[in-house]
Amino acid sequence: MPNPEDFKLITAGRLIDARGGPPIQHGAVLLQGTEIIAVGPATEVAAPEGAPVEEFDYPGMTVMPGMIDCHTHHNGIGDGRSGDDLATLPDEVLTLQSARNARASLFSGVTSIRENGPKNLTMFRLRDAVNQGLAIGPRMVLCGRPVAIVGGHMGYFGGEVTGPVEVRALTRQLIKEGADYIKITATGGSTRTSFPLRPSFDVEELRAATDEAKKFGKLTATHCLSSEGITNSLDAGVDMIIHCTYRDADGSDNFRQDIAERIGEQGAFVNPTIHVARSSVWAIKRSAETQGNLTRDQQAAMDIGLRNLEQRLEDCRRMIDMGLKVITGSDSSWGDYKLGNTVYETELLVQAGYTPMQGVLSVTVEAAKALGIDAIVGTLEPGKEADIIVIDGDPSTDIDALWNVRDVFRAGNRIERGSAESLQSVRQQPA
Ligand SMILES: [Zn+2]
């Protein structure tokens, strides 16, 4: 039985430390317990003379920080069902589903997640279980449940409030329960009783949440499907804009340079969630393959989906060009997008204009900064937690290599990930 404080030495063909420089050829990372002790060229990194050390060698592969997904829905099933239907499931079932998702996500190389909308206490319970060793999963940055208006997006998860006093009270309640940040739905969304193009909370209500969160050192993020929702969020000093679709109240797409500039000036992070749109297009294509043709409704839904996808890619390209802090957040398992497939979102950020290396940073160090956990994870540096993945290939030149995860270390522990078949089953294939 190895001592948990023993050393581990990981060597690989190349090392990406995610500190902004080029990969180090023939790199090494030395761990002790849960912590990274040393990082550098393999010739310069070694355990102290005579100390017990377990060695892992990955010739030709890449060692890098574990991926960080800034936007997950662990309660989700990813089979196309709506949030309204999902929320009718008992909390116990949703907690079990979350455990399954957490495992799939960790196995895929994601070592930290930020959960964006679970029901009631389900994710707090899962985190407790993981901490007790009853389940496995990534590090979790939790919101408890989203803050919503009555009938608003995701109100069905248990966080409907009205007016600044109730918003403040719910914010305090969530922090009391263990929330690490506050998620607010600033516009409607797919929720049946909500209005996706209309703002939900007034600025005064949003500000009650952001002020209260700031007081306790917590970050905030808002779901925004319209330009007005983004503007209200910026007025309230929100730290991350989710979806960030520039839509007017009549549904027309209209990229707003002025609003995008404000996002940059205020230093807010942007989570564009592009693949969730593509995944719904894939789902329609897949059902067309099984039934032989598309119904008129499916054709219409696919046309809308394709236009939406194009628009999101285009908006994202502009925001990347402007130097906004665009990070990876998958929005899975939502709609047809299952957890364990975060890389699809990073891939689309690269398609929208990031270099592969910037794509890698968007799912490691930049994601860590966006979640306020960059002092702990996000890079390979001495003193940080040893959340590390090994990739067959070089993601700094080919982002698709991120699919080829060969090993995952979470807090210094190598994760036993099961058979190649079970790992393969996590991957959703394109239609
Ligand atoms: Zn979401």
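Residues numbered from 1 in each chain as written. Predicted model: local features only at pLDDT ≥ 70, side-chain atom pairs only at ≥ 80, totals over all residues. Heavy atoms only, no water.

Focus on the pattern of salt bridges
Applying the stated criterion across every chain yields a total of 24 salt bridges. We note a salt bridge from arginine 14 to aspartate 394, for which the minimum N-O separation is 3.7 Å. With a gap of 380 residues between them, arginine 14 in strand β1 (residues 7–15) and aspartate 394 in the loop between β13 (388–391) and β14 (405–410) connect regions that are remote in the sequence. Overall, the relative accessible area of 17% leaves aspartate 394 in the buried class. With a shortest N-O distance of 3.4 Å, arginine 318 and glutamate 314 are connected by a salt bridge. Taken together, the residues arginine 318 and glutamate 314, both in helix α9 (residues 296–321) and four residues apart, mark about one turn of the helix. For glutamate 314, a relative accessible area of 28% puts it in the partly exposed group. What you see here is one network of salt bridges that share partners, running through Arg168, Arg172, Glu212 and Lys215. (Salt bridge = Lys/Arg side-chain N within 4 Å of Asp/Glu carboxyl O. Helix = DSSP H or I, 4+ residues; strand = E, 2+ residues; numbered from the N terminus. Buried < 20%, exposed > 50% of the residue type's maximum accessible area, 1.4 Å probe, protein only.)

Considering the domain arrangement of the protein
Segmenting the protein into domains produces domain 1 (7–65 + 378–426) and domain 2 (67–366). Its C-alpha centre places domain 1 at a distance of 29 Å from the equivalent point of domain 2. Between domain 1 and domain 2, the contact holds 29 residues from the first and 29 residues from the second. A combined buried area of about 2300 Å² lies between domain 1 and domain 2, and 70% of that area is made up of carbon and sulfur atoms. For the pair domain 1 and domain 2, the interface holds two salt bridges. (Domains from an automatic or database assignment. Contact = heavy atoms within 4.5 Å. Buried area = accessible area lost by both parts, 1.4 Å probe.)

Focus: the coordination of the zinc ion
His71 (NE2), His73 (NE2) and Asp331 (OD) make up the full set of protein donors to the zinc ion, lying at 2.0 to 2.2 Å. Mapped onto the polypeptide sequence, the residues donating to the zinc ion form the spacing pattern H-x1-H-x257-D. In this pair, histidine 73 is assigned in the loop between β5 (67–72) and α1 (83–86) and aspartate 331 in the loop between β12 (325–326) and α10 (343–351), connecting sequence segments 258 residues apart. (Donors = N, O, S within 2.8 Å, 3.2 Å for Na, K, Ca; no water.)

Brief notes about the sheet that holds β12
Read from one edge to the other, the open sheet built from five strands follows the order β8-β9-β10-β11-β12, with strand pairing classed as parallel. Edge positions in the open sheet fall to β8 (181–185) and β12, since each of these has one partner strand only. As defined by bridge partners, strand β11 (residues 269–271) adjoins β12 across two bridges and the pair is classed as parallel. Bridged to valine 270 within β12 is valine 326. Packed on one face of the sheet, helix α5 (residues 203–215) meets β8 and β9 (219–224) and runs near 155° to β9. (Pairing = 2+ DSSP bridges. Axes fitted to C-alpha atoms, helices over the stretch in contact; angles between N-to-C directions.)

Structural notes on the sheet that holds β14
The strand order across the open sheet formed by seven strands is β3-β2-β1-β4-β13-β14-β15, and the pairing between neighbours is mixed. The open sheet has two edge strands with one neighbour each: β3 (35–41) and β15 (413–414).

Focus on the packing of aromatic side chains
Here the structure, examined in full by the defined rule, presents six aromatic pairs. Note on phenylalanine 157 and tryptophan 334: the rings are 6.5 Å apart at their centroids and 80° apart in plane angle, and the pair reads as edge-to-face. Of this pair, phenylalanine 157 sits in the loop between β7 (139–141) and α4 (163–177) while tryptophan 334 sits in the loop between β12 and α10, placing them 177 residues apart in sequence. The class of phenylalanine 157 is buried, set by a relative accessible area of 0%. Ring plane angle 80° and centroid distance 5.1 Å describe the contact between tryptophan 282 and tyrosine 344, whose orientation is recorded as edge-to-face. Taken as a pair, tryptophan 282 in helix α8 (residues 275–291) and tyrosine 344 in helix α10 lie far apart in primary sequence, 62 residues in all. (Phe/Tyr/Trp six-rings, centres within 6.5 Å; stacked < 30°, edge-to-face > 60°.)

Thoughts on the packing of α8 against α9
Two elements in contact, α8 and α9, have axes whose closest approach is 8 Å; the angle formed by their N-to-C orientations is 150°. It follows from the interaxial angle that α8 and α9 lie roughly antiparallel. Note on packing geometry: the crossing formed by α8 with α9 is left-handed. In this structure, α8 uses Val276, Ala277, Arg278, Val281, Ile284, Lys285, Ser287 and Gln291 to contact α9, whose residues at the interface are Gln298, Ala301, Met302, Gly305, Leu306, Asn308, Leu309 and Arg312. Broken down by class, the residue content of the contact of α8 with α9 amounts to eight nonpolar, five polar and three charged. (Parallel < 35°, antiparallel > 145°, perpendicular 65-115°, else oblique. Left-handed = near helix turned anticlockwise from the far one by under 90°. Nonpolar A, V, L, I, M, F, W, Y, C, P; charged D, E, K, R; others polar.)

Things to note about the side chain of arginine 114
When you line up the elements, arginine 114 lands in strand β6 (residues 110–115). Within the buried core, arginine 114 has no salt-bridge partner, and the shortest N-O distance to an opposite charge, that of aspartate 239, equals 7.1 Å. Ignoring anything within four residues of it in the chain, the contact list for arginine 114 reads Asp69, Cys70, His71, Thr72, Val141, Tyr181, Leu219, Ala221, Met240, Ala370 and Leu371. (Lys, Arg positive; Asp, Glu negative; His and termini not counted.)

Remarks on helix α2 (residues 91–107)
Across its 17 residues, α2 extends 24 Å between first and last C-alpha, which sits within 8% of the 24 Å expected from 1.5 Å per residue. Of all the positions in α2, only Leu94, Thr95, Gln97, Ser98, Ala99, Asn101, Ala102, Ala104, Ser105, Leu106 and Phe107 are classed as buried. Looking at the buried positions of α2, the neighbouring elements they touch are α1, β6, α3 (122–131), β7, β14 and α13 (420–426). Note on α2: the residue one or two positions beyond its end, glycine 109, has a positive phi of about 105°. (Expected span 1.5 Å × (residues − 1).)

Points about the packing of α5 against helix α6 (residues 227–235)
Between α5 and α6, the shortest axis-to-axis distance is 8 Å and the interhelical angle comes to 50°. Accordingly, the angle class assigned to the pair α5 and α6 is oblique. Seen from above, α5 lies across α6 with right-handed handedness. Each of Val203, Leu206 and Arg207 in α5 lies in contact with α6, whose residues at this interface are Asn232, Ser233 and Asp235. When grouped by side-chain class, the residues that make up the contact of α5 with α6 number two nonpolar, two polar and two charged.

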